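Understanding the architecture of this molecule
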Amino acid sequence: MDLGDKNWTNLDVAFAPCKARYLRLEQTGKPYWGATWMISEIAVSATQPWAGAQASHYSADAYKALDARLQTYWTTRAVKQKPGMWFDLDMGSQQRIERVTLEQSKNESPRGYVIQVSTDGQQWQD
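Scope of this entry: the structure provided in the associated data block. Here the structure is a predicted model, which means the values were calculated and not measured. (Residues numbered from 1 in each chain as written. Predicted model: local features only at pLDDT ≥ 70, side-chain atom pairs only at ≥ 80, totals over all residues. Heavy atoms only, no water.)

Side note on the overall build of the chain
- Helix and strand counts for the chain stand at 0 helices and 7 strands.
- Beginning at the N terminus, the succession of helices and strands in the chain can be written as β-β-β-β-β-β-β.
- Evaluated residue by residue, the chain yields a buried proportion of 44% over its 126 residues.
- Of the contacts made within the chain by residues no fewer than 6 positions apart, 81% connect residues no fewer than 24 positions apart.
- Just so you have it, the chain exposes about 6,600 Å², and 47% of that area is on carbon and sulfur atoms. (Helix = DSSP H or I, 4+ residues; strand = E, 2+ residues; numbered from the N terminus. Buried < 20%, exposed > 50% of the residue type's maximum accessible area, 1.4 Å probe, protein only. Contact = heavy atoms within 4.5 Å. Areas by Shrake-Rupley, 256 points an atom, 1.4 Å probe, with all protein chains shown as cover.)

Structure follows, in C-alpha cells:
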C-alpha cells in the first residue's frame, strides 16, 4: 500500500490478512528539507520472535528497531531520506499478518513509503 509523502506521525497500518515471511518498508518520498530516517520500534501482528532485519543503510544496526526499547533505534545517520531506501523484517517463517506499527521521532518518520510483503524475500507485493 503506497501511503504518499505526507507522513508526520507514527505509523499504524491495518490491511487485509496475508501470509508473509518478510515485510519491507520502502521510501517513496523525500522531505523538502534534509531529514534522516529513524525507526525506534517496529511491530507486526505476528506472535513469533523476529529472525532478523536488514536495511539499505547501516544494516548492522537494524536489530535496534526490534529490541522493544524506544531508546535504541535504527537510523540512516547522516544519510538523508530518499526514494529507494528500505527496511526489511524477517519473521523466520510464514506468518499471518494484518497490521504494522512503527514508532519513530516526528522529524525522522518516512515522508513517503510503501509496505510490501514477501514469502521468499525476492518477490515483493504491495
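After presenting the structure, the write-up continues.
Let's talk about the packing of aromatic side chains
- The final tally for this structure, using the stated rule, is 3 aromatic pairs.
- The interplanar angle of 70° and the centroid separation of 6.5 Å between the aromatic rings of Y22 and W124 together place this pair among those described as edge-to-face. Of this pair, Y22 sits in strand β1 (residues 11-27) while W124 sits in the segment after β7 (113-118), and the two are 102 residues apart along the sequence.
- Y22 sits in the buried class, given a relative accessible area of 18%.
- Ring centres of W74 and F87 lie 5.1 Å apart, and the angle between their planes is 55°; on these two criteria the pair is classed as tilted. Pair noted here: W74 is in strand β5 (residues 74-75) and F87 is in strand β6 (residues 86-103), with a separation of 13 residues, a long-range link.
- The exposure class assigned to F87 is buried, which follows from its relative accessible area of 0%.
- If you follow R24 out to its NZ or CZ, it ends over the ring of W86, 4.7 Å from the centre. (Phe/Tyr/Trp six-rings, centres within 6.5 Å; stacked < 30°, edge-to-face > 60°. Lys NZ or Arg CZ within 6 Å of the ring centre and 35° of its normal.)

Quick look at the pattern of salt bridges
- Scanning all chains against the criterion turns up 4 salt bridges.
- When the shortest N-O distance is used, the salt bridge between D88 and R24 registers 2.6 Å. Of this pair, D88 sits in strand β6 while R24 sits in strand β1, and the two are 64 residues apart along the sequence.
- For R77, the salt bridge goes to D61, with nearest N and O atoms at 2.4 Å. Of this pair, R77 sits in the loop between β5 and β6 while D61 sits in the loop between β4 (52-55) and β5, placing them 16 residues apart in sequence.
- One salt-bridge network, in which partners are shared between bridges, spans D61, K64 and R77. (Salt bridge = Lys/Arg side-chain N within 4 Å of Asp/Glu carboxyl O.)

Notes on the nonpolar core
- Within the largest apolar cluster, 25 residues are counted, with the highest numbers of intra-cluster contacts made by L23, L25, I39, I42 and F87.
- Mapped onto this core, the elements with two or more residues apiece are β1, β3 (41-44), β6 and β7.
- Those residues in contact with L23 that sit more than four places away from it in its chain are V44, F87, D88, L89, I97, V100, I115, Q116, V117 and W124. (Core = buried A, V, L, I, M, F, W, Y, C linked by side-chain atoms within 4.5 Å.)

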